[in-house]
Amino acid sequence: MPRTAAFFDLDKTVIAKSSTLTFSKSFYQGGLINRRAVLRTAYAQFVFLAGGADHDQMERMREYLSALCRGWNVQLVKELVAETLHDLIDPIIYDEAASLIEEHHTAGRDVVIVSTSGAEVVEPIGELLGADRVVATRMIVGEDGCFTGEVEYYAYGPTKAEAIRELAGSEGYDLSRCYAYSDSATDLPMLEAVGHPHAVNPDRALRREALAREWPILDFHRPVRLKQRIGGFSVPPRPALVAAAAIGAAAATAGLVWYASRRRSPAA
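A few points on the structure. Predicted, not measured: the structure shown is a model, and the values here were computed from it.

A few words on the overall build of the chain. Within the chain, the regular secondary structure consists of 11 helices and nine strands. Looking at the 268 residues of the chain, the share that counts as buried comes to 46%. Contacts in the chain between residues far apart in sequence, at least 24 positions, make up 63% of those at least 6 positions apart. Surface exposure of the chain reaches about 14300 Å², of which carbon and sulfur atoms provide 55%.

The structure is reproduced here in structure tokens:
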């Protein structure tokens, strides 16, 4: 049988925020950006969460972030991401997305994260999620180990679909039997490349397309820490666990009393 895969966009599909912008405070504390840049990225995060980002907004964000990271030491970026990954990303992973990833793995499919964010951010998140592969934007690194501000590969729009087709060729995926998930109309090429496209928390443009093409529309809204999930289900908060334990203990006690009474009744 041909191999299959599930391709996931990252921001607002698997996690509830922009992966790159989420690390702005860490980059500030690490001395990479100033307070003004933190405020600007916070505003960009707000715009992104309020209505998504269309093509023009994504281009402006790409230009801004490319200029912003010029001169950053790549090793320092990786260290800052590694130090704060669990604190910043773990709490904003959608429970529904984590369950889907588990279901696809159980079905024998590879899971591939395909994101416009930089590889230094996406690859550790992919590892956290248990993804098999990651496709992400790559910046050019100079001989001094710092970003030059130029983009080597931009994982956006049609290039995501091209990357998927290249992976299908090298890994033997049958794209007609593969799955894809995204929240943005900018990912239409990626969704069109597979046989089972899904719109997740779609923006207006993608919702229109999904309705017109009768694609499934999924609503992810429950962020949960991965360590709070057991066997694909969220672990209830501590009060709920205590209540559940109390109910279970009461039921067990009642069962023992009933069983004891049954044992005594014939002798009586």
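Having put the structure on the table, let's press on.
Before going further, it helps to examine the pairing of strand β5 (residues 179-182). Side chains of β5 alternate between two faces, with Y179 and Y181 and A180 and S182 buried alike. As paired elements, strand β1 (residues 5-8) and β5 share three bridges and run parallel to each other. What sits directly across from A6, in β5, is Y179.

In this model helix α8 (residues 158-171) runs 20 Å from its N-terminal to its C-terminal C-alpha over 14 residues, within 8% of the 20 Å that 1.5 Å per residue would give. Listed in full, the buried residues belonging to α8 are K160, A161, A163, I164, L167 and A168. Here the buried residues of α8 occupy an arc of 160° about the axis, which is enough to place them on one side. Residues of α8 that are exposed and point over 90 degrees away from its buried face: E166, G169 and S170. Elements that come into contact with the buried residues of α8 comprise β1, β2 (110-118), β3 (133-141), β4 (147-153) and α9 (188-192). Downstream of α8 by one or two residues, G172 has phi in the positive range, about 80°.

All right, on to the packing of helix α5 (residues 74-88) against helix α7 (residues 119-129) then. The contact between α5 and α7 brings their axes to 9 Å, and the two run at 35°. Handedness of the crossing formed by α5 with α7: right-handed. On α7, the residues touching V74, V77, K78, V81, L85 and H86 of α5 are E120, V121, P124, I125 and L128. Class assignment for the residues of the contact of α5 with α7 results in eight nonpolar, one polar and two charged.

About the cut-offs
Residues numbered from 1 in each chain as written. Predicted model: local features only at pLDDT ≥ 70, side-chain atom pairs only at ≥ 80, totals over all residues. Heavy atoms only, no water. Helix = DSSP H or I, 4+ residues; strand = E, 2+ residues; numbered from the N terminus. Buried < 20%, exposed > 50% of the residue type's maximum accessible area, 1.4 Å probe, protein only. Contact = heavy atoms within 4.5 Å. Areas by Shrake-Rupley, 256 points an atom, 1.4 Å probe, with all protein chains shown as cover. Pairing = 2+ DSSP bridges. Expected span 1.5 Å × (residues − 1). Arc of directions from axis to C-beta. Axes fitted to C-alpha atoms, helices over the stretch in contact; angles between N-to-C directions. Left-handed = near helix turned anticlockwise from the far one by under 90°. Nonpolar A, V, L, I, M, F, W, Y, C, P; charged D, E, K, R; others polar.

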